[in-house]
Amino acid sequence: MDGLLDEFGSGDAQARAESWRYSRQALRALEQQEFKGADGKATVPRELIERFDWPQTRGHRLVFVNGVLDAALSDASTSGAILETAADGAHTLRFAGKGAMHLVFANVATATPARWNAAVHVRVDSGKAFLVEQHVGTQGADVLGALASQFTIADGANLQTATLGDLPGSASLVRRVEATIGAGSAFGATHALCGGRFQRFDIDAQLAGARAQIAARGVFALRGREHVDVHLDVRHAARDTASDVLWRGVADGRARGILHGAIAVAPGADGADARLQTKNLLLSPHAEIDAQPVLEIYADEVKASHGATVGQLDERALFYLRSRGVPLAAARNLLIAGFCREAFARIEATDLRGPFEALLDAHLPQQQQASE
Amino acid sequence: MTMLKIENLHVRVAGKEILKGLSLEVKSGEVHAIMGPNGAGKSTLGYVLAGRDGYEATQGRIEYDGRNLLDLEPEARAAAGMFLAFQYPVEIPGVNNTYFLKAALNAQRKARGESELDSMQFLKLVREKLAVLHLKEDLLNRAVNAGFSGGEKKRNEIFQMALLEPKLAILDETDSGLDIDALKMVADGVNAMRAPDRAFLVITHYQRLLDYIVPDFVHVLADGRIVESGDASLALRLEEHGYAWIAQRKLAGAA
Ligand SMILES: Nc1ncnc2c1ncn2[C@@H]1O[C@H](COP(=O)(O)OP(=O)(O)OP(=O)(O)O)[C@@H](O)[C@H]1O
Ligand SMILES: [Mg+2]
């Protein structure tokens, strides 16, 4: 009876139950539906293509339609990456030197509820790679996608990812990243998660080599009955490693957001620097956000800090803006957008801030202007 | 012409009466200084005039520019020319200063039926006003007041005032925390804006500011009321004798 939990969960039964406790209902509801295998050859409508056909990523874009690589929509000729596909359908992207790739996962609804699975392994052997991962879809019959990724960042290499989860209300996505970060290497991941019926994001990162670094940042901005469950697990397994987790959550309506951030410093990982901060904003009395920072330290000379807050819009800030003439609705929107924007302040590829902000602007719970 | 007329104003904050029958009249072109001990209700008066939630007028009335001020939302008051320079300006991380100021100015202009300024016109105006206050342009590209020093926050308030060109400006201890040079810049900024159709309420603890911004009237606010009013010389006498002197004079007068 625990079909989906067994499939998507990791660890033993207890760990799975614990990790999914806020999303069991959502999983059960999905279990009660009959899903067929999704059509990987579904036609992608023009409007959907326009959402990801960014001029600046032409020539380094791979498009997956319901989990299946679509050769006609993809062109990776200038990406600097080598793509290999194994017999079981898993893809490996290998970067050496400078490279960039825009991975698009298009959820195209067909006549009946459908699901897909995909696996992508990204290896950065040297140099610096930029990866944009974009999840989009069409509204219609339910689609349940599952994406399993492995990021292997070799010693001295650098991977920067930007994930845009921009799903219609009929799409659910379960995405799991396992990242291994080598000595002196860096992994930066920025997320904006919006929309969807249910989204579950796991990042399981190992700071495996000395001086390895991770910066994981992001935002979820939820409304209606949206439900997003984010788990960031970082393990410091070597000396002088650094982690910086920063998350912002906004929930309106009856939305539900979960941010579980856990940082563990293993024995021997001396000199680690671990930072975990999450701030959350509730815009409705029926919305709920659970923010759980967990810090476990078994090493010496560790610098660690963590903080989690869940609150409402700052009344003083709202009054300050209004006292300067900004109308109430606009003042609220300014504050909400500003609150989220802090998570993007350090995106390295500045040309990505545009898409991030546009996505948020489209999804932020808009406060309607009072009619006059 | 009377711009602001406060009559027998009683204000309650968090269930406690803070203003207890305050009356004050301000005419266009005048500068009024308000002094008074800590906790007397000076900032409360500023907040009530600007329209902060939770500051409930239980008695009395405020007429501003011929209208019942208490009927107006804070943004409508701003559009009608009311401006409060906060004693403690609020830090708003993530909200860009320039963006905020343009939104504020254009919202006010729109509410008054004036045309909105485009980016070029706005920047030109901003540069003019920055020069007066010797503020660095990079402050504008930062988040509103976030990480500003105490003095920078106060100067930013006056910069906003210069940009928004209000009719009635309330300065709540804008001089506190300013170094001598900044104090002069702020005073210059205010003096440059003195005009027959504009009035100022200057809340301060220090006579020093009033050497630079010479008021037409000085009032003492104590325990929620104006207990003494006079000309600029009143501030000098207060500096010399302290507030106890007023209380004693009142007692003597009553006897
Ligand atoms: N939200 C509140 N809850 C309870 N008491 C309040 C609140 N706001 C103000 N007060 C009280 O109202 C009184 C007047 O405060 P106000 O800030 O107006 O004084 P002030 O004259 O500006 O003092 P200062 O010179 O120190 O700035 C004080 O006793 C203060 O503690
Ligand atoms: Mg005060």
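Bear in mind the structure is a predicted one, so any value in this text is a computation, not a measurement. Within each chain, residue numbers correspond to sequence positions counted from 1 in written order. Lettering for chains starts from A, numbering for ligands starts from 1, and both go in the order in which the items are written. With pLDDT at 70 or above as the cut-off, local features in this predicted model cover only qualifying residues; side-chain atom pairs require 80 or more to be listed or tallied, and sums for whole chains, interfaces and linings still use all residues. Values shown for side chains rest on all heavy atoms present in the structure; no hydrogens or waters enter the calculation.

A word on the overall build of chain A
So, point 1. Here a helix means four or more residues in a row that DSSP labels H or I, a strand means two or more in a row labelled E, and each is numbered from the N terminus. From N to C terminus, chain A includes 7 helices and 20 strands.
So, point 2. Both definitions apply: the radius of gyration is a C-alpha atom measure, and the globule rule equals 2.2 Å times residues to the power 0.38. Computed over its C-alpha atoms, the radius of gyration of chain A comes to 20 Å, within 12% of the 21 Å expected for a compact globule of 372 residues.
So, point 3. Along the longest, intermediate and shortest principal axes, the C-alpha atoms of chain A span 60 × 55 × 45 Å.
So, point 4. Residue burial is assigned from relative accessible area. The probe radius is 1.4 Å, only protein chains are included, and a residue is buried under 20% of its type maximum, exposed over 50%, and partly exposed in between. Taking all 372 residues of chain A together, 56% fall into the buried category.

Brief notes about the overall build of chain B
So, point 1. What chain B contains, in helices and strands, is 9 helices and 12 strands.
So, point 2. A compact globule built from 255 residues should have a C-alpha radius of gyration of about 18 Å, and chain B, at 18 Å, falls within 12% of that.
So, point 3. In terms of overall dimensions, chain B has C-alpha extents of about 65 × 40 × 35 Å along its principal axes.
So, point 4. In what follows, residue pairs with any heavy atoms lying within 4.5 Å of each other are defined as contacts. Within chain B, counting contacts between residues at least 6 apart in sequence, those at least 24 apart form 68% of the total.
So, point 5. Shrake-Rupley sampling with a 1.4 Å probe provides the accessible areas, and residues are treated as covered by the protein chains on show and by no other component. In the structure as shown, chain B presents an accessible area of about 11,200 Å², 50% of it carried by carbon and sulfur atoms.
So, point 6. Averaging the coordinates of the 31 positive side-chain charges in chain B and doing the same for the 35 negative ones gives two points 1 Å apart. Positive charges come from Lys and Arg, negative ones from Asp and Glu, while His and the chain ends are left out of the count. A charged residue contributes its charge at one atom only: NZ of Lys, CZ of Arg, CG of Asp or CD of Glu.

A word on the domain arrangement of chain A
Often the size quoted for an interface is simply the accessible area lost on bringing the parts together.
All names here are of chain A.
So, point 1. All domain edges in this entry derive from an automatic or database-based domain assignment. Per the domain assignment, the segments making up chain A are domain 1 (1–32) and domain 2 (34–363).
So, point 2. Domain 1 and domain 2 are separated by 21 Å when their C-alpha centres are compared.
So, point 3. With 14 residues of domain 1 in contact, the opposing surface of domain 2 contributes 19 residues.
So, point 4. Whenever Lys or Arg places a side-chain nitrogen within 4 Å of a carboxyl oxygen from Asp or Glu, that contact is recorded as a salt bridge. If you look at where domain 1 meets domain 2, you find 1 salt bridge.
So, point 5. Residue glutamate 7 pairs with arginine 115 through a salt bridge whose shortest N-O separation is 2.6 Å.
So, point 6. Any N or O atom pair separated by 3.5 Å or less is treated as a polar contact, with the protein-specific requirement of one donor-capable and one acceptor-capable atom, and with residues adjacent in sequence counted only for side-chain atom pairs. Summed over the shared surface of domain 1 and domain 2, the number is 5 residue pairs in polar contact (both at pLDDT 80 or more).
So, point 7. Elements with a contribution of two residues or more to the side of domain 1 that touches domain 2: helix H1 (3–8) and helix H3 (24–31).
So, point 8. Considering each element in turn, the side of domain 1 that touches domain 2 owes the most residues, 4 residues, to H3.
So, point 9. Taken together, the residues that form the side of domain 1 that touches domain 2 break down as 8 nonpolar, 4 polar and 2 charged. Side-chain classes are defined by residue name, with Ala, Val, Leu, Ile, Met, Phe, Trp, Tyr, Cys and Pro counting as nonpolar, Asp, Glu, Lys and Arg as charged, and the others, Gly among them, as polar.

Side note on the interface of chain A and chain B
So, point 1. Each partner contributes to the interface: chain A provides 19 residues, whereas chain B provides 31 residues.
So, point 2. Where chain A abuts chain B, roughly 2,000 Å² becomes buried across the two surfaces, and 66% of that area is made up of carbon and sulfur atoms.
So, point 3. When the area that chain A buries against chain B is broken down by residue, the three leading residues are Phe319, Tyr320 and Arg324 of chain A, summing to 40%.
So, point 4. Seen at the junction of chain A and chain B, the total is 4 salt bridges.
So, point 5. In this structure, arginine 52 of chain B engages glutamate 315 of chain A in a salt bridge whose closest nitrogen and oxygen atoms are separated by 3.2 Å. The buried area of a pairing is the accessible area, by a 1.4 Å probe, that goes missing from both parts when the two are put together, added over both.

With respect to the site of ligand 1
Residue and element names in this part refer to chain B.
So, point 1. Near ligand 1 you find 16 residues, and of these Gly39, Lys42, Ser43, Thr44 and His205 are the closest.
So, point 2. Taking asparagine 38, its side chain carries an N or O atom lying 2.9 Å from an oxygen atom of ligand 1.
So, point 3. In the model, an oxygen atom of ligand 1 is placed 3.1 Å from a nitrogen or oxygen of the glutamine 87 side chain.
So, point 4. Taken by itself ligand 1 offers 640 Å² of open surface, and the protein chains cover 64% of this.
So, point 5. Per-element tally for the shell around ligand 1: the top contributor is helix H1 (residues 42–50), with 3 residues.
So, point 6. Residues belonging to the shell around ligand 1 are distributed by class as follows: 6 nonpolar, 7 polar and 3 charged. By convention in these notes, a residue is near a molecule or strand provided one of its non-hydrogen atoms lies within 4 Å of it.

A look at the packing of aromatic side chains
So, point 1. Aromatic rings from Phe, Tyr and Trp, taking only the six-membered ring of Trp, are treated as a pair when their centres fall within 6.5 Å; an angle between ring planes under 30 degrees marks them as stacked, one over 60 as edge-to-face, and anything in between as tilted. Tallying each qualifying case throughout the model produces 12 aromatic pairs over all chains.
So, point 2. The interplanar angle of 85 degrees and the centroid separation of 5.7 Å between the aromatic rings of phenylalanine 151 of chain A and phenylalanine 187 of chain A together place this pair among those described as edge-to-face. Residue phenylalanine 151 of chain A is located in strand E9 (residues 143–153), and its partner phenylalanine 187 of chain A is located in strand E12 (residues 186–195); the two are separated by 36 residues in the primary sequence. An identical accessibility class is assigned to phenylalanine 151 of chain A and phenylalanine 187 of chain A; each is buried.
So, point 3. Measuring from ring centre to ring centre gives 6.1 Å for tyrosine 47 of chain B and phenylalanine 86 of chain B, while their planes differ by 65 degrees; the resulting arrangement is edge-to-face. Linking tyrosine 47 of chain B in helix H1 with phenylalanine 86 of chain B in the loop between strand E6 (82–85) and strand E7 (92–96), this pair joins segments that are 39 residues apart in sequence.
So, point 4. Tyrosine 47 of chain B gets classed as buried once you look at its relative accessible area, which sits at 13%.
So, point 5. The exposure class of phenylalanine 86 of chain B is buried, given its relative accessible area of 3%.
So, point 6. An aromatic cluster of at least three residues, connected via ring pairs, comprises Phe319 and Tyr320 of chain A together with Tyr47, Tyr55, Phe86 and Phe100 of chain B.
So, point 7. Two conditions define a charge located above a ring, namely a distance within 6 Å from the ring centre to NZ of Lys or CZ of Arg, and an angle within 35 degrees of the ring normal. Sitting over the face of the ring of tryptophan 20 of chain A, arginine 200 of chain A holds its NZ or CZ atom 4.0 Å from the ring centroid.
So, point 8. Above the plane of the ring of phenylalanine 339 of chain A lies arginine 248 of chain A, whose end atom (NZ or CZ) is 5.4 Å from the centre.

With respect to the pattern of salt bridges
All names here are of chain A.
So, point 1. With the rule as written, the count across this model stands at 42 salt bridges over all chains.
So, point 2. Salt-bridge contacts for arginine 123 lead to aspartate 125; the nearest nitrogen and oxygen are separated by 3.3 Å.
So, point 3. Between aspartate 142 and arginine 197 there is a salt bridge; the shortest N-O distance is 2.9 Å. Placement of aspartate 142 in the loop between strand E8 (128–137) and E9 and of arginine 197 in the loop between E12 and strand E13 (198–207) is noted, with a sequence separation of 55 residues between them.
So, point 4. Through salt bridges that share partners, Arg176, Glu178, Arg200, Asp202, Asp204 and Asp229 make up one connected network.

What about the coordination of the magnesium ion (ligand 2)?
Ideal donor angles around a metal are set by the shape: a four-donor tetrahedron calls for 109.5 degrees, a six-donor octahedron for 90 or 180 degrees.
So, point 1. At the metal site, the magnesium ion (ligand 2) is ligated by Ser43 of chain B (OG) and Gln87 of chain B (OE1), and these contacts range over 2.0 to 2.1 Å. In this pair, serine 43 of chain B is assigned in helix H1 and glutamine 87 of chain B in the loop between E6 and E7, connecting sequence segments 44 residues apart. In this listing, donors mean N, O and S atoms no farther than 2.8 Å from the metal, or 3.2 Å for Na, K and Ca; water is missing from the atoms, so a site can look incomplete.

With respect to the sheet that holds strand E3 (residues 31–35) of chain B
Residues and elements named next belong to chain B.
So, point 1. Strand pairing follows a simple DSSP-based rule, namely that at least 2 bridges must link the two strands. One open sheet accounts for 6 strands, arranged E6-E9-E10-E3-E11-E12; its pairing is mixed. The two strands at the open ends of the sheet, each matched to only one other strand, are E6 and strand E12 (225–230). Within this sheet the neighbouring strands show an average axis-to-axis angle of 20 degrees, counted without direction.
So, point 2. By the bridge criterion, 4 bridges tie E3 to strand E10 (residues 199–203) in an arrangement that is parallel. An axis is simply a line fitted to the C-alpha atoms; with a helix, the fit covers only the stretch in contact. Between two such axes, the angle follows the N-to-C directions and lies from 0 to 180 degrees.

Topic: unusual backbone geometry
So, point 1. In this model, asparagine 66 of chain A sits at a positive phi of 45 degrees, which is unusual for a non-glycine residue.
So, point 2. For asparagine 66 of chain A, the location among the structural elements is in the loop between strand E2 (61–65) and strand E3 (68–69).
So, point 3. Although it is not a glycine, glutamate 165 of chain B sits at a positive phi angle of roughly 45 degrees.
So, point 4. Structurally, glutamate 165 of chain B is set in the loop between helix H5 (150–164) and strand E9 (168–172).
So, point 5. The exposure class assigned to glutamate 165 of chain B is partly exposed, which follows from its relative accessible area of 46%.

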